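Letter by letter, the chains look like this.
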Amino acid sequence: MPFRTIIGHRRLISLVSRAIARETLPPALLFAGTAGIGKRRTAVAIAQAINCLQPVTGEFDKDACGECASCRRIERGVHPDVIVIEPGDSGTIKVDQIRDVIDRAGYRPFEGRRRVVIVDEADAMVPPAQNALLKTLEEPPSASIFLLVSSMPDALLATVRSRTPRLRFGILAPSEVAEALLRDHGYADVDARAAAADADGSIGRALEAQSVDLTDARALAQRMLEQSARTSDPARRIESAKELIAKKSSAATERDQLAVCLRVMASLLRDLGILANRADVRSLANADLQGPLSRLAETFDSERSMRAFGAVDRALGALERNASPKVVADWLVLQL
Ligand SMILES: [Zn+2]
């Protein structure tokens, strides 16, 4: 994960990269900023840039190649000179973990140029662990660098904070969050943009929110289908269409929101087809809804499910061609 592949934080990374090239990087640093924006990744990229066997220049003064044995071992977390400490099952970083790393930091690096110690979620260090680290932060062994990563830096002891210059990581732009979701997390374009719009500049938050949003979208899609099963009255159906485009989040657009809901509805309809045809229920995508879907399948027989599936597909196509979400939603509820 070289610098050039990290999304966002260009200015900060430029400064760090220049310091590495000039060998002026301070021996201890505190990476502060919201969770889920790339602080730990940047710390690992620093370890790579320092210890890479064939460093490159280009966008940055010094960057890792990402391919040599050293880069690959750091990426896999098995480089003997790059140590990552993080909270254990207890949710805290214990004094023994810190003592162990201090002992190891006293020796010369085994393979690399400098040993890099990354303390992720550094604020989870219990106070004795922070105190144990203090002396090392005051007089770091010459061949070691300590990178403390924290989204709650003010929870660290003042003595630790005063010995670690702070690098502030800003939040990401929605486009940058979307780029990360697309590239690293297999999101479809429309989902990535919808999730990014609501993530407050944090990739981590977008990933957390995903399940919630999809759950809401699925509940809504299920309600719409149940409503259609109950009534064929056009006025009442149009009334219920309002819910499809009602704003549920500050930033996701009506279009993206409706598209997510329709995609989920298509998956429910596919399952209804399976149930109506008495096909193997193990192929249900929404197996947890088998009860309610079975009841719904009494009205949505095989033919109706197929027809509705086709309508949802056409509605998605219309949305992509920039049709008004309201027009698409009104049209669709009459087809179900
Ligand atoms: Zn390399």
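Preceding block: the structure.
What comes next concerns the included structure. Please read all numbers here as calculations on a predicted model, not as lab measurements.

## Here we look at the overall build of the chain
(1) Moving on: Scanning the chain from N- to C-terminus turns up 14 helices and five strands.
(2) Moving on: A globule of 336 residues ought to have a C-alpha radius of gyration of about 20 Å, yet the chain, at 26 Å, is considerably larger.
(3) Moving on: Principal-axis analysis of the C-alpha atoms places the extent of the chain at approximately 80 × 40 × 35 Å.
(4) Moving on: Taken across its 336 residues, the chain has 42% of its residues classed as buried.
(5) Moving on: Considering only intrachain contacts with a sequence separation of at least 6, the fraction spanning at least 24 residues in the chain is 72%.

## Concerning the pairing of strand β2 (residues 82-85)
(1) Moving on: In terms of strand pairing, β2 meets strand β3 (residues 115-119) through four bridges, oriented parallel. Bridge pairing in β3 places Val 84 opposite Ile 118.
(2) Moving on: In this fold, the crossover linking β2 to β3 by way of helix α4 (residues 95-105) has right-handed handedness.

## Section: the packing of helix α11 (residues 254-276) against helix α14 (residues 325-335)
Two numbers describe a pair of packed helices, the interaxial angle and the distance between the axes.
(1) Moving on: Where α11 contacts α14, the axes come no closer than 10 Å and their chain directions differ by 30°. Viewed along their axes, α11 and α14 adopt a mutual orientation that is roughly parallel. Contacts between α11 and α14 pair Glu 254, Arg 255 and Leu 258 from the former with Pro 325, Val 328 and Ala 329 from the latter.
(2) Moving on: In the contact of α11 with α14, the residues fall into four nonpolar, no polar and two charged.

## Points about the pairing of strand β4 (residues 144-150)
In regular strands, side chains alternate between the two faces of the sheet.
(1) Moving on: Across the seven residues that make up β4, a large majority, seven, are buried.
(2) Moving on: By the alternation rule, side chains of β4 split into Ser 144, Phe 146, Leu 148 and Ser 150 and Ile 145, Leu 147 and Val 149, which are all buried.
(3) Moving on: Sheet topology note: the strand β1 (residues 28-32)/β4 ladder contains five bridges and is parallel. Paired with Phe 31 across the strands is Val 149, a residue of β4.

## Re the environment of Ile 171
(1) Moving on: In this structure, Ile 171 sits in the loop between β5 (166-168) and α7 (174-185).
(2) Moving on: Ile 171 sits in the partly exposed class, given 17 other C-beta atoms within 10 Å.
(3) Moving on: Measuring from C-alpha to C-alpha, the distance between Ile 171 and Val 84 comes to 24 Å, with 87 residues separating the pair along the chain.
(4) Moving on: In contact with Ile 171, not counting residues within four places along its chain, are Thr 34, Ile 37, Asp 200, Gly 201 and Ser 202.

## Section: helix α5 (residues 127-138)
Residues lying three or four places apart along an α-helix face the same way, a consequence of the helix completing one turn every 3.6 residues.
(1) Moving on: Compared with the 16 Å implied by 1.5 Å per residue over 12 residues, the 17 Å span of α5 between its first and last C-alpha is a close match.
(2) Moving on: All of the buried residues in α5 are Ala 129, Gln 130, Leu 133 and Thr 136. Seen along its axis, α5 keeps its buried residues to an arc of 115°; they face one direction. Opposite the buried face of α5, at more than 90 degrees from it, the exposed residues are Pro 127, Lys 135 and Glu 138.
(3) Moving on: Buried residues along α5 sit in contact with α4 and α6 (158-163).

## Comments concerning the environment of Pro 26
(1) Moving on: Take Pro 26: it is sitting in the loop between α1 (10-21) and β1.
(2) Moving on: Owing to 12 C-beta atoms within 10 Å, Pro 26 belongs among the exposed residues under this scheme.
(3) Moving on: Between the C-alpha atom of Pro 26 and that of Met 306, which follows or precedes it by 280 residues, the distance is 64 Å.

## Some thoughts on the packing of α4 against α5
(1) Moving on: Where α4 contacts α5, the two axes come as close as 8 Å, and the packing angle between them is 15°. Comparing their axes, α5 and α4 come out roughly parallel. For the pair α4 and α5, the sense of crossing is left-handed. Residues Val 95, Gln 97, Ile 98, Arg 99, Ile 102 and Ala 105 of α4 lie in contact with α5, whose contacting residues are Pro 128, Ala 129, Ala 132, Leu 133 and Thr 136.
(2) Moving on: Classifying every residue of the contact of α4 with α5 by side-chain character gives eight nonpolar, two polar and one charged.

## Some remarks on the sheet that holds β1
(1) Moving on: Spatially, β2-β3-β4-β1-β5 is the arrangement adopted by the five strands of the open sheet, whose pairing is parallel. Only two strands of the sheet have a single neighbouring strand rather than two, namely β2 and β5. Direction aside, neighbouring strands of the sheet carry axes that sit 20° apart on average.

## A word on α7
(1) Moving on: Spanning 12 residues, α7 covers 15 Å between terminal C-alpha atoms, matching the ideal 16 Å at 1.5 Å per step.
(2) Moving on: Among the residues making up α7, those that are buried are Val 177, Ala 178, Ala 180 and Leu 181. Buried residues of α7, seen end-on, are gathered within an arc of 160° and therefore sit on one face of the element.
(3) Moving on: Note on α7: the residue one or two positions beyond its end, Gly 186, has a positive phi of about 70°.

Parameters and conventions
- Residues numbered from 1 in each chain as written.
- Predicted model: local features only at pLDDT ≥ 70, side-chain atom pairs only at ≥ 80, totals over all residues.
- Helix = DSSP H or I, 4+ residues; strand = E, 2+ residues; numbered from the N terminus.
- Rg over C-alpha atoms; globule rule 2.2 N^0.38 Å.
- Buried ≥ 20, exposed ≤ 12 C-beta atoms within 10 Å, placed from the backbone.
- Contact = placed C-beta atoms within 7 Å.
- Pairing = 2+ DSSP bridges.
- Right-handed = clockwise from strand over helix to strand, strands pointing away.
- Axes fitted to C-alpha atoms, helices over the stretch in contact; angles between N-to-C directions.
- Parallel < 35°, antiparallel > 145°, perpendicular 65-115°, else oblique.
- Nonpolar A, V, L, I, M, F, W, Y, C, P; charged D, E, K, R; others polar.
- Expected span 1.5 Å × (residues − 1).
- Arc of directions from axis to C-beta.
- Left-handed = near helix turned anticlockwise from the far one by under 90°.

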